[in-house]
Amino acid sequence: YRKEFLLMRKITAAGIKWLMGAPAGEKGQAANEAVNETQHFVMLTNDYYIGTFEFTKGQYNQVYGETYTEDLTNPVVNVSWNTLRGTTYSWPQDLHAVDPSSKIGVLRGLTGLEMDFPTEAEWEYACRAGTTTSLNNGKNLQNGASADSNLDELGWYYGNSMVDNSRIVHGVGLKRSNAWRLFDMHGNVREYCL
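Residues numbered from 1 in each chain as written. Predicted model: local features only at pLDDT ≥ 70, side-chain atom pairs only at ≥ 80, totals over all residues. Heavy atoms only, no water.

Description of the pattern of salt bridges
(1) Moving on: Evaluation of the coordinates by the stated rule reveals seven salt bridges.
(2) Moving on: In this structure, the salt-bridge partner of Asp 116 is Arg 85, at a minimum N-O distance of 2.8 Å. One end of the pair, Asp 116, is in the loop between helix H4 (103–111) and helix H5 (120–128); the other, Arg 85, is in helix H3 (residues 81–85), and 31 residues separate them in sequence.
(3) Moving on: The partner of Asp 116 in a salt bridge is Arg 108, with the nearest N and O atoms 3.9 Å apart.
(4) Moving on: Among the residues examined, Arg 108 registers a relative accessible area of 15% and is labelled buried.
(5) Moving on: Within the structure, one salt-bridge network assembled from shared partners comprises Arg 85, Arg 108 and Asp 116. (Salt bridge = Lys/Arg side-chain N within 4 Å of Asp/Glu carboxyl O. Helix = DSSP H or I, 4+ residues; strand = E, 2+ residues; numbered from the N terminus. Buried < 20%, exposed > 50% of the residue type's maximum accessible area, 1.4 Å probe, protein only.)

What about the nonpolar core?
(1) Moving on: In this structure, Ile 11, Leu 44, Tyr 48, Ile 50, Tyr 125 and Ala 126 are the most contacted members of the largest nonpolar core, which totals 15 residues.
(2) Moving on: Those elements giving two or more residues to this core turn out to be strand E2 (17–20), strand E4 (48–51) and H5.
(3) Moving on: Setting aside chain neighbours within four positions, we find Ile 11 in contact with Asp 47, Tyr 48, Ile 50, Tyr 125, Ala 126, Trp 180 and Leu 182.
(4) Moving on: Tyr 60, Tyr 64, Leu 107 and Phe 117 belong to the second largest nonpolar core, which has twelve residues in total. (Core = buried A, V, L, I, M, F, W, Y, C linked by side-chain atoms within 4.5 Å. Contact = heavy atoms within 4.5 Å.)

Observations concerning H4
(1) Moving on: Here H4 has its buried residues at Lys 103, Ile 104, Gly 105, Leu 107, Arg 108 and Thr 111.
(2) Moving on: In the core, the buried residues of H4 are packed alongside helix H2 (57–64) and H3.
(3) Moving on: Downstream of H4 by a residue or two, Gly 112 has a phi angle that is positive, lying close to 75°.

Written as structure tokens, this is what we have:
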């Protein structure tokens, strides 16, 4: 086991104030999301680290002794919040406390690093990488949920991932990164935030 496989990037964020959320009427936004996406200013208080890629099946095998044998560069799916953080502690009441036997607790024990999910503000700040457009390549969505060449550059989604009427997951890092060299921030699989 080696710490290097985690591939993390430091996000310089301490004291940075930025506009979080999407503007009203942005393409791709469902009506119920508009309430949660109201733009507002956020001040981040600390620098933090975030994964360059989504956590892969190969990494999961290496850390947890699992036995995935296929698609080892694909991200892990179908792992619950409770499996990852445990059920003893809750966010934000207990801040970054996790069960030692949870997946994150085990990873902390192996690395000596206090890893956790990013807050929604940390995730969005890292995803946007200084952009103010709907996509982190400086472009906006053209079509919302259907095929969209601007989104095709960055991620896998329903418009470009359907095979025989089923959506497939793809290996990490196959699409263009954002300006901060973070991959798969748009699409492929859902990502947890605190």
